[in-house]
Amino acid sequence: MRHSEDEKRRSHERIVEAAARRIREAGTDGPGVAEIMSAAGMTHGGFYKHFGSRDELIAEAAEVACADGSGRLNDAIADAANPLSALITTYLSADHRDDPGTGCAVAALGSDAARPGNAARPAYTEQIRRYIDRLQSLLAEDGATGEARERAIATVSTLVGALTISRAVEDPELADEVLAGARDVLLAAAG
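In what follows, the accompanying structure is described. Note that this is a predicted model, so its numbers are computed, not measured.

What counts and what doesn't
Position numbers for residues count from 1 along each chain, tracking the sequence in the order it is written. Where totals are concerned, whole chains, interfaces and linings use all residues; where local detail is concerned, this predicted model gives features only for residues with pLDDT of at least 70, and gives and counts side-chain atom pairs only at 80 or more. Neither water nor hydrogens contribute to the side-chain values; these are computed over all heavy atoms in the structure. Runs of E in the DSSP output that reach at least two residues are strands. Runs of H or I that reach at least four are helices, and both are numbered from the N terminus. With C-alpha atoms as the basis for the radius of gyration, the globule rule is written as 2.2 Å multiplied by the number of residues raised to the power 0.38. Classification of residues uses two cut-offs on accessible area relative to the type maximum, computed with a 1.4 Å probe and protein chains only: under 20% is buried, over 50% is exposed, and between them is partly exposed. By the convention used here, residues are in contact when the closest approach between their heavy atoms is within 4.5 Å. Every accessible area reported is derived by Shrake-Rupley at a probe size of 1.4 Å, with residue values counting cover from the shown protein chains alone. Remark: nonpolar core denotes a set of buried residues (Ala, Val, Leu, Ile, Met, Phe, Trp, Tyr, Cys) joined through side-chain atoms within 4.5 Å. Each pair of aromatic rings taken from Phe, Tyr and Trp, with Trp reduced to its six-membered ring, is defined by centres within 6.5 Å and is described as stacked if the planes are under 30 degrees apart, edge-to-face if over 60, and tilted in the remaining cases.

## Quick look at the overall build of the chain
Counting secondary structure elements, the chain contains nine helices and zero strands. Helices and strands in the chain line up, N terminus first, as α-α-α-α-α-α-α-α-α. Radius of gyration (C-alpha) of the chain: 18 Å, near the 16 Å computed for a compact globule of 191 residues. Seen along its three principal axes, the alpha-carbon backbone of the chain occupies a region of about 55 × 40 × 30 Å. Looking at the 191 residues of the chain, the share that counts as buried comes to 43%. In the chain, the share of contacts with a sequence separation of at least 24, taken over all contacts with a separation of at least 6, comes to 64%. Of the roughly 9800 Å² of accessible surface on the chain, a fraction of 52% belongs to carbon and sulfur atoms.

Here it is as structure tokens:
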């Protein structure tokens, strides 16, 4: 019996991971159940053994996608001499821009989460709060006490906006310029 429960849990996790990747690549409306199940190496028929609805899967996948993004940023700044600079540099990198499937869910899901009732909206909201709190603590460490929250909100907005724009424009030089310009301004402000 235990083997079957472990196998079901692993299958569930595979489905959620596949969905988390696909919604970062194609948005919450993009991938269908059959496509997600196929990406997880499973058949469409097994979906309802794990989820009551597609929205249930999308909500869970959004939570996982947000957690993945936080984990990668935490790894990038863990041993950095200047964690704020490391976060800015990592987030506004060409590598991050060019791999949306493993990148920041906030940049990938913004237009989807903005729609009322979207299943990703709660996870998106919580991730924005976590980013603001994390940046506020990093900015406070750099001496920006009273204005740290406002600067954190502006920094999150600049990071996400620049990444989103750099992914959306069709001109590779402009995409690089957007990342570099935002990165340079944020690094200068960080000191």
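## Here we look at the nonpolar core
Nonpolar side chains tend toward joint burial in soluble globular proteins. Of all hydrophobic cores here, the largest spans 56 residues; its most connected members are Ile15, Leu57, Tyr91, Leu92 and Leu109. Counting residues per element, the ones that place at least two in this core are helix H1 (2-26), helix H2 (33-39), helix H3 (54-77), helix H4 (83-91), helix H6 (105-113), helix H7 (121-141), helix H8 (148-168) and helix H9 (172-190). Here Leu57 is in contact with Ile15, Val16, Ala19, Ile36, Phe47 and Phe51, once residues within four sequence places are set aside.

## Considerations on the packing of aromatic side chains
A ring pair, where both rings are aromatic, is described by two values, the distance of the centres and the angle of the planes. Taken as a whole and judged by the stated rule, the model has two aromatic pairs. Arranged with centres 4.8 Å apart and planes meeting at 90°, the rings of Phe47 and Tyr48 form a pair that is edge-to-face. The exposure class of Tyr48 is exposed, given its relative accessible area of 56%. Grouped by ring-pair contacts, the aromatic residues Phe47, Tyr48 and Phe51 constitute a single cluster.

## Some thoughts on H4
For an α-helix, the turn length of 3.6 residues means that residues three or four places apart are oriented alike. Among the nine residues that make up H4, seven are buried, leaving the element largely enclosed by the rest of the structure. All of the buried residues along H4 are Pro83, Leu84, Ser85, Ala86, Leu87, Ile88 and Tyr91. Of the surrounding elements, those touching the buried residues of H4 are H3, helix H5 (94-97), H6, H7, H8 and H9.

## Observations regarding the environment of Gly45
Structurally, the position occupied by Gly45 is in the loop between H2 and H3. Judged by its relative accessible area of 62%, Gly45 falls in the exposed class. Separated by 12 residues in sequence, Gly45 and Val33 place their C-alpha atoms 9.6 Å apart.

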